[in-house]
Amino acid sequence: MRTLYFRIVFIFVLIALASGLGGLAVTSFYYEAKLKSGSEHAMEEASRQVRELDALAGAERREQTLQAVSGLSYQLYVVRPDGSAQTYGAAFRHGFLPPEKAVREVRSGGIYPGMTEEDRRFKLLAYFENSPRNTYGFPLPRPDGGIDAVFIRPDLESQIGEVRIILAVLLASTFGLSLLLIAALSRLIVAPVKRLTRAVQRMAAGDYDVRVDTARRDEIGELGRRFTAMAGAVRQLDRMRQEFVANVSHEFQSPLTSIRGFIRTLLDGAAAARDEEARRYLTIIDEESRRLSSMSRQLLLLADVDRPDRALDRRSFRLDEQLRQAILLLEWQWTFKELELDLELPERTVFADEGLLYEIWLNLLGNAIKFSPQGGVIGVSLRVLENGRDGSADMDHPLAEGTGRPAGRSQERRDNRKATAGRWLEVVIADEGPGIPPEELPHIFERFHKADRARTWQAGGMTEHSSAGPHREGFAPEDSSAGVLAEGGGAPRRDLRPLSPGGGQASPPSGAGSGLGLSIAQRIARLHGGDIEALSEPGQGAAFRVTLPEGGAQGREGGGA
């Protein structure tokens, strides 16, 4: 298998070779366009000076003249009239002779531009060809009337020999050192990839506590940081899964233990004679059974709305009427606590899944009732927001004027909704309960989030006992079938309200929740393209604000029809 390291080194070598050939080609073209004519002109000027020196020294001293010229770093090749040839200066390294036609042309008084005409090879390399044919030829008359054909060229070894050696050593050492450096530095590139591979293998084996630490600021560093973030998210999901199993096991085990204990008490006959005590035990069994049923329903509903392909059964209906119906459905709960309802429900129509929206209202209203003090006020308002205008500052709740901080909707979702054209419907459900502590507010929409564990009922309502003070949990009303969808979808059906042991209206259900209700409500709102946010200050109550597109925009988290 070819490793990444081998590929990097191999690609570098190919790049270096390709760059060398490309540079050679560019240099050759530059020589052909800019330098070649200059070289030929220099040889033409050198031949003129040789002729002048020969004329001054005389033909009889031509031998000394040519020797002197060759000593000035020139190579000469002379062809006598009798056809003999003699070389002056350094010997030609290549044996390519001028063509006979060129020799005859020079003897006839012409010239031989061999550095131009004979250059039919690679231009730059031809310049370094050390042969008689790569010369400039000119005639030199003899005293006897004959003509010597003289071919001259610069002795490059003598002129730039040391420079050529320096250049060759420079290029060779540069290429060699580059190979060594790329071989060494490639490991810096490959090392984080190997660490990432080992981390992936650890995750595949079930170890999610992995990190790929890198200080790099390039793509590999970004990949490492993204992987670390992904590993953290997977670790969080695994932790949530484990907590889910533990929570569900605990929540199911507790009522089952109670049911079994009370059943044993009834079966042993010790309480059979006391009808009132038996009725109280049966009532507790009924409440615990209904709590199990509600938890099962919520788990099924959560699994349903979590499906990526969840389609919404959208239809047009009166949202104000649905809110009134949900309030009437929970009438026995708010009348038991003598709560006052402040309703502002103008006529408004929405295009949405009617059955799923019921879950939101039953959950939020049930929580408002549950956490409201005896004789308190619950506010329910409905209004229109034009062109997605954010009206959080106008929430009709005392907290809007205070320092309460909203939770449940990110700034990105706010920006997305502001940019959405059309009208939006806003439903605000507010109570005067104990409120939500600031440290719990960012987490109330998390699944299975439960801030406290011990709850007791006192006269007039429920009080929560915890070191952190009263907390609000995310769960739907625990009155068994209040939010169960009717067969075939649509609005929830009304079931008969349970009776108290004395024959009157039953007391509110126990306060133990599953921590799923608010998460389900938020998921349903987002399936419709809307959202939920909470605003609260401890001791000042809480307000939940639901925004929905009036025309039923496609949900941002999947689903939709």
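Residues numbered from 1 in each chain as written. Predicted model: local features only at pLDDT ≥ 70, side-chain atom pairs only at ≥ 80, totals over all residues. Heavy atoms only, no water.

Peer 1: So what about the overall build of the protein chain? Which residues, and what values?
Peer 2: Tallying secondary structure elements over the protein chain gives 13 helices and 15 strands in all. Considering only residue pairs separated by 6 or more positions, the protein chain has 76% of its internal contacts joining residues 24 or more positions apart. Split by element, the accessible area of the protein chain, about 29000 Å² in all, is 57% carbon and sulfur. (Helix = DSSP H or I, 4+ residues; strand = E, 2+ residues; numbered from the N terminus. Contact = heavy atoms within 4.5 Å. Areas by Shrake-Rupley, 256 points an atom, 1.4 Å probe, with all protein chains shown as cover.)

Peer 1: Describe the nonpolar core, listing the residues and the values that go with them.
Peer 2: Ranked by internal contacts, the top residues of the largest apolar core, which has 52 residues, are Leu 319, Leu 357, Ile 360, Trp 361 and Phe 544. Among the elements that make up this core, the one with the highest residue count is helix H11 (residues 354-371) (ten residues). If we skip the residues at most four places from it in the chain, Leu 357 touches Phe 317, Leu 319, Gln 322, Val 350, Ala 352, Ile 524, His 528 and Leu 548. (Core = buried A, V, L, I, M, F, W, Y, C linked by side-chain atoms within 4.5 Å. Buried < 20%, exposed > 50% of the residue type's maximum accessible area, 1.4 Å probe, protein only.)

Peer 1: Summarise the packing of H11 against helix H13 (residues 517-527); cite the residues concerned and give the values.
Peer 2: Contact geometry for H11 and H13: axes closest at 9 Å, N-to-C directions at 140°. With respect to the hand of their crossing, H11 and H13 are arranged in left-handed fashion. Contacts from Leu 356, Leu 357, Glu 359, Ile 360, Asn 363, Leu 364 and Asn 367 in H11 reach Gly 517, Leu 518, Ala 521, Ile 524 and Ala 525 in H13. Class assignment for the residues of the contact of H11 with H13 results in eight nonpolar, three polar and one charged. (Axes fitted to C-alpha atoms, helices over the stretch in contact; angles between N-to-C directions. Left-handed = near helix turned anticlockwise from the far one by under 90°. Nonpolar A, V, L, I, M, F, W, Y, C, P; charged D, E, K, R; others polar.)

Peer 1: Outline the confidence of the model for the protein chain, listing residues and values.
Peer 2: Scored by pLDDT, the protein chain has a mean of 75; 73% of the residues are at 70 or more. Below pLDDT 50 for its whole length, residues 555-561 participates in 30 contacts with residues either more than four positions away or in separate chains. (pLDDT = per-residue confidence, 0-100.)

Peer 1: Could you give me a rundown of a nonpolar patch on the surface, with the residues and numbers involved?
Peer 2: Where nonpolar side chains cluster on the molecular surface, the patch consists of Phe 128, Ile 160, Val 163, Leu 167, Leu 170 and Leu 171 and spans about 530 Å² of accessible area. For Val 163, the position within the fold is in helix H6 (residues 156-204). On the accessibility criterion, Val 163 (48% relative accessible area) is partly exposed. (Patch = residues over 30% accessible without salt bridge, like charges linked within 9 Å, V, L, I, M, F, W, Y side chains within 5 Å. Salt bridge = Lys/Arg side-chain N within 4 Å of Asp/Glu carboxyl O.)

Peer 1: With reference to specific residues and values, describe the sheet that holds strand S1 (residues 74-79).
Peer 2: Within the open sheet, the five strands sit side by side as S2-S1-S5-S4-S3. Their pairing is antiparallel. One side of each edge strand has no neighbouring strand; the edge strands of this open sheet are strand S2 (85-88) and strand S3 (112-113). One ladder, built from six bridges, connects S1 with strand S5 (residues 147-154); its direction is antiparallel. Looking at the pairing, Tyr 77 lines up with Phe 151 of S5. Lying over the sheet, helix H2 (residues 62-70) contacts S1, S2, strand S4 (136-141) and S5, oriented at roughly 150° with respect to S1. (Pairing = 2+ DSSP bridges.)

Peer 1: I'd like to hear about unusual backbone geometry, residue by residue, with values.
Peer 2: The phi torsion at Ser 73 lies on the positive side, around 65°, for a residue other than glycine. Using a relative accessible area of 18% as the deciding quantity, one classes Ser 73 as buried. The phi dihedral of Glu 338 is positive, around 55°, even though this residue is not glycine.

Peer 1: Give a detailed account of the pattern of salt bridges, specifying residues and quantitative values.
Peer 2: Applying the stated criterion across every chain yields a total of 23 salt bridges. Where Arg 324 meets Asp 320, a salt bridge forms, and the shortest distance between an N and an O atom there is 3.0 Å. Separated by four residues within a single helix, Arg 324 and Asp 320 lie in helix H9 (residues 319-329), roughly one turn from each other. Of the residues examined, Arg 324 reaches a relative accessible area of 32% and is grouped as partly exposed. Note on Asp 320: relative accessible area 1%, which makes it buried. With a shortest N-O distance of 3.1 Å, Arg 526 and Asp 531 are connected by a salt bridge. According to the relative accessible area criterion, Arg 526 is buried, its value standing at 13%. Each of Asp 54, Arg 62, Glu 63, Arg 80, Arg 142, Asp 144 and Asp 148 takes part in salt bridges that share partners, so that together they form one network.

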